[in-house]
Amino acid sequence: MPPESICKIVRQYNKNPISDEDMGKLQEIAKDFGNVKNYVYQQYGGIRSLSKLYPGYTVQNEMTRRGLRERLGMPSVYFYLAIFDALGDIKSQWTRTKSRILKNIGKNEGLTDNEKHFLRYLLKVNPAFEAILNNHLPELPKAMQYSYDQMASEVDTKKLGSYLKRQVRRHHIRPHTEGTDGFSISERAYRYGDHGIYISIKEKRKRIFIPLTDKNSYTRQIHIRLFPEEKGIELRIPVDVAVKKHPDYQSSVGVSMGMMTMLTTDQGHIYGEKLGDYQGRLSDWLRRQSTVYNQNREANPGRKKYYANKERLEEQLHSYINQELNRFLREEKPAVVYMPRLPGSGAISSVKKINHYSSTWQRGYIRERLSFKCRQQSVRLTEVFGKGISSQCSSCGASGKRKDGRFVCTQCGYETDGRINAAQNIKKRGEADHKDRQTDEWG
């Protein structure tokens, strides 16, 4: 059954400019928060600490004994949140490392099927993965140990252990943060009141008060982001919101995605027609800034202004994407949306400028936001195999040609916009896959 609620990030902002004194106190917390996270990254981001990451209380206890909190004079509500924030980042980094290794295992033609199966097992079973990296024999629950011993008897475990270690050294990176622009805060360290929020600081039994632009209050862990130059803050609060259900959302829609035009439906409706303008603005600005930075590298130009301008352009782009996705769902009223499974990023042209545009294409963000909005509106989003959708005729299935954005079938003579033809193919494939699954289920 679909979930009845989903998690959404809501934001709150300060109503009045924050004084330099209060901003300084918040920045001090943010700096300590970052220092604690970097300490955890350094001490527990490597292979020897893998066994301590789950559930993380070992790290918490060791950090307590080391006396870092006392040396920083940091309230415990911030200190322990920083620890678990850092542990979450380390776990995410290990997930990315394993994903890269798994991809390389699949591509490695020098490995047998048994060897690949054994390596995938190690990546899946954390205690076995940690033991091999630390030159130990895995000690697993009885059933898992039997499976491990069976697989290990069919391969050269020493060779595969060395291969796995090389892959980890190549791909694993210890996290690090230079950011002092924010920190997390639990309910124990704040309270809402008087149309604002009271936030604990490093001084005992003291809080600073910040009036807010709305009167809403929450009882969740909050992330506070600081904007010292604007004398402002942003509160990011995860909340559960009810999933909406629409009886009139009945249609089935296939969509094609592009760098210049965001979405084109199988009926020829266009959403995000100005995506290329927004992305081009960001891409051109990044190219110019990269040139300026490289020319003045010895002068060590500041990057604070660079990041602020980049964020402003990205926020404009993201705002436009979200507006158009909302319009898409509102106007199409879909029960199901079929979209192509997108290939990995890479060079698509010999022209550097085009490749730079491709590298800044927000397809991952578009996919993420469309997925979230579909869940929020009880719409089923299905990815289908996208290979050949641009060259196949949606009318007869034969191969055709694309020229100047038009698709022409040399077999049946069908002609239409290339994006529409692709969207029609996506819809057909999605509906066919859905029908095949139902047939398999019902026999």
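The notes below deal with the structure included here. (Residues numbered from 1 in each chain as written. Predicted model: local features only at pLDDT ≥ 70, side-chain atom pairs only at ≥ 80, totals over all residues. Heavy atoms only, no water.)

On the secondary structure map, Asn135 appears in the loop between helix 6 (126-133) and helix 7 (142-152). Take Asn135: its relative accessible area is 60%, and that puts it in the exposed class. Sequence separation of Asn135 and Lys165 is 30 residues, and the distance between their C-alpha atoms is 10.0 Å. Only 2.2 Å separates the side chain of Asn135 from the side chain of Lys165, close enough to count as a polar contact. (Helix = DSSP H or I, 4+ residues; strand = E, 2+ residues; numbered from the N terminus. Buried < 20%, exposed > 50% of the residue type's maximum accessible area, 1.4 Å probe, protein only. Polar contact = N/O pair within 3.5 Å; in protein donor to acceptor, adjacent residues only side chain to side chain.)

With that settled, the discussion passes to unusual backbone geometry. You will see that Asn135, though not glycine, has its phi angle at about 60°, which is positive. Of note, Ser378 is a non-glycine position whose phi angle comes to about 60°, a positive value. Mapping Ser378 onto the fold places it in the loop between helix 12 (363-376) and strand 12 (380-384). On the accessibility criterion, Ser378 (37% relative accessible area) is partly exposed.

Our focus in this paragraph is the sheet that holds strand 4 (residues 196-200). Ordered by their spatial adjacency, 3 strands build an open sheet running 3-4-5, and the pairing between neighbours is antiparallel. The open sheet has two edge strands, strand 3 (190-193) and strand 5 (207-211), and neither has a second partner. Across the sheet, the mean angle separating the axes of adjacent strands is 20° when strand polarity is ignored. The pairing of strand 4 with strand 5 spans 5 bridges and is classified as antiparallel. Counted as the bridge partner of Tyr198 is Phe209 from strand 5. In this fold helix 1 (residues 20-44) packs onto strand 4 and strand 5, with an angle of close to 115° to the strand it touches most, strand 5. (Pairing = 2+ DSSP bridges. Axes fitted to C-alpha atoms, helices over the stretch in contact; angles between N-to-C directions. Contact = heavy atoms within 4.5 Å.)

Further remarks concern the pattern of salt bridges. A full pass over the atoms with the stated rule returns 23 salt bridges. The salt bridge involving Lys206 is made with Glu203; its shortest N-O contact spans 3.4 Å. Via salt bridges that share partners, Glu21, Lys25, Glu203 and Lys206 belong to a single interconnected network. (Salt bridge = Lys/Arg side-chain N within 4 Å of Asp/Glu carboxyl O.)

Working definition: the strands of a sheet are paired by backbone hydrogen bonds and lie parallel or antiparallel to each other. Spatially, 10-9-8-11-12 is the arrangement adopted by the 5 strands of the open sheet, whose pairing is mixed. On the outer flanks of this sheet lie strand 10 (270-271) and strand 12, each paired with one strand and no other. Bridge analysis of strand 9 (residues 263-265) against strand 10 gives 2 bridges, and the strand direction is antiparallel. Following the sheet pairing, Thr264 is matched in strand 10 by Ile270. Lying over the sheet, helix 12 contacts strand 8 (251-257), strand 11 (334-340) and strand 12, oriented at roughly 145° with respect to strand 12.

Quick look at the packing of aromatic side chains now. Under the counting rule described, the total for this entry stands at 11 aromatic pairs. Where Tyr78 meets Phe183, the ring centres are 5.5 Å apart and the plane angle is 90°; that geometry is what we call edge-to-face. One end of the pair, Tyr78, is in helix 4 (residues 76-107); the other, Phe183, is in strand 2 (residues 182-185), with 105 residues separating them in the sequence. Each member of the pair, Tyr78 as well as Phe183, carries the same accessibility label: buried. Ring geometry for Tyr278 and Tyr320: centres 4.6 Å apart, planes at 20°, overall stacked. Of this pair, Tyr278 sits in helix 9 (residues 275-295) while Tyr320 is found in helix 10 (residues 304-332), placing the two residues 42 residues apart along the sequence. Residue Tyr278 is classed as partly exposed on the basis of its relative accessible area, which comes to 24%. Accessibility expressed as a relative area gives 10% for Tyr320, which makes it buried. These aromatic residues form a ring-pair network of at least three members: Phe33, Tyr78 and Phe183. Positioned above the aromatic ring of Tyr278 is the side chain of Arg281, whose terminal nitrogen or guanidinium carbon lies 5.0 Å from the ring centre. (Phe/Tyr/Trp six-rings, centres within 6.5 Å; stacked < 30°, edge-to-face > 60°. Lys NZ or Arg CZ within 6 Å of the ring centre and 35° of its normal.)

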